[in-house]
Structures are given as structure tokens and as C-alpha cells.
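# Structural overview
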Amino acid sequence: MSLPQGTVRWSFESYGTNAVTPSSGHGKVYVGGASLFALDPATGHLLWECETDDIADCTPVVVDRTVFAAGGDLLAVDAETGSVRWRRPPAPEGGFHGATYANGMICAGAGPTTLRAFDAATGEDRWHAALDGFPAAEPRFADGVFYVSRTGGVHAVCASTGTRRWTADTTGAVVTAPTIVQGRVFIGMSQSESGGALGVRAFDAASGQTLWHADTDGYVGSAPIVDAGVLYATAAGGTAFTLDPATGQQGWRTEVGDAGQGLAVADGVVYVCGTWTVTALDAGTGAPLWSSRPEVFGLCAPLVVNDTVVLCDGAGWVYAVAPPLS
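Predicted model only: the values in this text are computed from it and were never measured. (Residues numbered from 1 in each chain as written. Predicted model: local features only at pLDDT ≥ 70, side-chain atom pairs only at ≥ 80, totals over all residues. Heavy atoms only, no water.)

### Here's the deal with the overall build of the protein chain
- Summing up its helical and strand segments, the protein chain has zero helices and 33 strands in all.
- Along the first, second and third principal axes, the C-alpha atoms of the protein chain reach 55 × 45 × 35 Å.
- Relative to all contacts within the protein chain whose residues are 6 or more apart in sequence, the contacts with residues 24 or more apart total 41%.
- In the structure as shown, the protein chain presents an accessible area of about 12,900 Å², 48% of it carried by carbon and sulfur atoms.
- Between the mean site of the 16 positive side-chain charges and the mean site of the 32 negative ones, the protein chain shows a separation of 5 Å. (Helix = DSSP H or I, 4+ residues; strand = E, 2+ residues; numbered from the N terminus. Contact = heavy atoms within 4.5 Å. Areas by Shrake-Rupley, 256 points an atom, 1.4 Å probe, with all protein chains shown as cover. Lys, Arg positive; Asp, Glu negative; His and termini not counted. Charge placed at Lys NZ, Arg CZ, Asp CG, Glu CD.)

### Concerning the pattern of salt bridges
- Across all of its chains, the model carries 13 salt bridges by this definition.
- Across the pair Arg9 and Asp307 runs a salt bridge, and its minimum N-O distance is 3.2 Å. Of this pair, Arg9 sits in strand β1 (residues 7-13) while Asp307 sits in the loop between β31 (303-305) and β32 (308-312), and the two are 298 residues apart along the sequence.
- Note on Asp307: relative accessible area 42%, which makes it partly exposed.
- As a salt-bridge pair, Asp125 and Arg116 come within 3.5 Å of each other at their nearest N and O atoms.
- In this structure Arg116 comes out as buried when scored by relative accessible area, which is 11%.
- Three or more residues joined by partner-sharing salt bridges are found here, namely Arg88, Glu93, Arg116 and Asp125. (Salt bridge = Lys/Arg side-chain N within 4 Å of Asp/Glu carboxyl O. Buried < 20%, exposed > 50% of the residue type's maximum accessible area, 1.4 Å probe, protein only.)

### A word on the sheet that holds β31
- Overall, antiparallel pairing links the four strands, which are arranged β1-β33-β32-β31 in an open sheet. The strands lining the two open edges of the sheet, one partner per strand, are β1 and β31. Each strand axis lies, on average, 25° off the axis of its neighbour in the sheet, ignoring direction.
- In the sheet, β1 pairs with strand β33 (residues 317-322) via six bridges, with the strands oriented antiparallel. The residue bridging Trp10 from the neighbouring strand is Ala320, located in β33. (Pairing = 2+ DSSP bridges. Axes fitted to C-alpha atoms, helices over the stretch in contact; angles between N-to-C directions.)

### Some points on the pairing of strand β30 (residues 288-292)
- In the sheet, strand β29 (residues 278-282) pairs with β30 via four bridges, with the strands oriented antiparallel. By the bridge assignment for β30, Thr279 is matched with Ser291.
- Here β29 folds back onto β30, and the loop between the two strands holds five residues, one of which, Gly286, carries a positive phi near 80°.

### Remarks on the pairing of β32
- In terms of residue burial, β32 counts as a mostly covered element, since five of its five residues are buried.
- Residues Thr308, Val310 and Cys312 line one face of β32 and the alternating positions Val309 and Leu311 line the opposite face, and both faces are buried.
- Where β31 lies against β32, three bridges are found, and the strand directions are antiparallel. Residue pairing for β32: Leu303 is matched across the bridge by Val310.
- Between the end of β31 and the start of β32, which pair antiparallel, lie two residues, with Asn306 showing a positive phi angle near 55°.
- Pairing analysis gives four bridges linking β32 to β33, with the strands arranged antiparallel. Its bridge partner being in β33, Cys312 is matched across the sheet by Val318.
- Following β32, the chain reverses through four residues before pairing antiparallel with β33; Gly316 in that reversal takes a positive phi of roughly 90°.

### Some remarks on the packing of aromatic side chains
- Tallying each qualifying case throughout the model produces 13 aromatic pairs.
- Ring plane angle 55° and centroid distance 6.3 Å describe the contact between Tyr232 and Trp252, whose orientation is recorded as tilted. Here Tyr232, found in strand β24 (residues 230-235), pairs with Trp252, found in strand β26 (residues 250-255); they are 20 residues apart in sequence, far enough to count as distant. Grouping residues by exposure puts Tyr232 and Trp252 together as buried.
- Each member of the aromatic cluster is reached from another via a ring pair, and the members are Phe68, Trp86 and Tyr101. (Phe/Tyr/Trp six-rings, centres within 6.5 Å; stacked < 30°, edge-to-face > 60°.)

### Things to note about the environment of Val265
- For Val265, the position within the fold is in strand β27 (residues 262-266).
- Sequence spacing of Val265 and Gly238 is 27 residues, and the spatial spacing of their C-alpha atoms is 18 Å.
- If near-sequence neighbours (up to four positions away) are discounted, Val265 is found in contact with Ile225, Asp227, Tyr232 and Val270.

What follows is the structure, encoded as C-alpha cells:
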């Protein structure tokens, strides 16, 4: 497939070990790596750096004037200056990972099997909950509930108390972070050593009951996205596709050759990341628009900032890619 090629505007080495999606806010791009970094989105120049206890291999969480990051310890950092507001050392269960903000709390995994919640303003403990399985992705929040993906299942945890409401068994599959829209929880699934299914699955958010399952020809390695009543997902077999969130019925399907690592939807365009390539598709039709192949390996879900796509790879490099000139 020959497409117009995007241009790499800038690159930055974060010295990280995992491909994690950056965040944006206050005119900055925030990147987790060997430290927490704030970059100028136009140039990639380093604005400030805040050291963490370990590799900050999760997406920074930007809330008002604070950036939260889990990198061994759990940090609350001033978004403008990078100065530390509070810091929690690793929990008894192990280092922190996968932070999410909701209702004045920061919720993060602690070690392999525990979920912990803290007061976002002070870092004081709120509650902790032991969960089955190993962490698969950061928690997601909706309507007073944290939804947490673990190897082999998805848990719904009351945000105010930490009490588990339900667990949905995914029969050994490794699952993505959940996406919660209009009373439904959507996950992507891939096989583990113990088996499991491939595809996208929808659960009822109140009960955990499976509503539908859509098979795919490759693992779904990143969370589905629901935008304007359409579910977008990618599979490692090299496809991007849409589904009806209510029924799981497939809409368009496009072979892009390199897909499955992550995606983003912005302004009518779907950005699909594979191991090497980012491809832009028309969100309404799936028609390919352009692509780019920076010097990277193992991309994550991209961040779209104005007309620029910001990518992180598995070696800790950050790239900003601009679309071709029209």
C-alpha cells in the first residue's frame, strides 16, 4: 500500500523501557520514562524533568495543575514546574503502576495483585483491594466504579470503598484496559499461555454479564475507542475495523499491514499504530489517508496534539509526526 508519508518533526529519548502513551495539558506533552518529562509539543525540547523511583512506565495523569505518575513510587507533580507536591514510596505489595484519577482520588496498581486509592491532594491512603490475576492495564473510571483489567478477568470496584462489585472471567485471555461508554464495558483480548479468546468483548457495566463477543484474526493489544457511536479497534493481524457498540456487528474493515499496538481518534481521523508504522484512516470509511514509519520499534497508542501525532516506542524514544502537506 503506497500512501503519502508523514514527516517526523522531532524526537526525544526518555530512556524508558516500555511504549507508553504520553499525555498533554497546559501547552506541554508529558512523557513517562526513566523520569517524568515535560516537553514542548512544537519542538520536543525538554521543559522539566522529575525523577521517579523506577521507570515511569504508565501514562501520566494530568488533573488541573497536577501531573500524577506511577514509577515505583507514586508522584504528584506541579504541571508547570515539575516540583514534587507529594510522593508515596512503593507500597508493601510492590511498586505503583497504572494510575487513574477520579472523584478526588488517585487509584493505582501496587505490586502484582493490589489496587490502592489515595487522596489526590495529600497522598493519604483511602483504601486498598486485593484482586485476582496480574495487572494488565491501568484502571478506568465511570459512574462511581473503577474497572480494572487483570490477566484472566475484569473487575468492577466501588470507587468510594474499594469493594469488589463483580468479576468477569475472560478464560485466561490477556485483556486491554477497559473502555466504558453508556453502561457497557469494552475490552480487547489476546491469548495467553493458558488459552483465552481473541477479539473484542462487551460487558454490562452494572452486572459484568457478557453482551457480545466479536472474533478477530489477531490479538487486540490496545483498548477499543468509542467515538460518536462507533467502536474502533485494531488487531495484530494487520487490520483496523469498526463495530456497533450495541451489537458487535462489524462496519468497515481496512487492511493496513501493521496494526494492533494502539490507536487514537481525532477530528474524523483514526490513527493506527503497529510495530513499526502509524497509519491515518478516514474515520467514516476506513480509507487510508497517509502513513509514517519513524525509526522505532514497538509503538504505543498515539497522542494527537493539534495536527501532530506523538508516539512512544519500546526503547524509550518519543516521536512527533506531522501529516503530509496537502
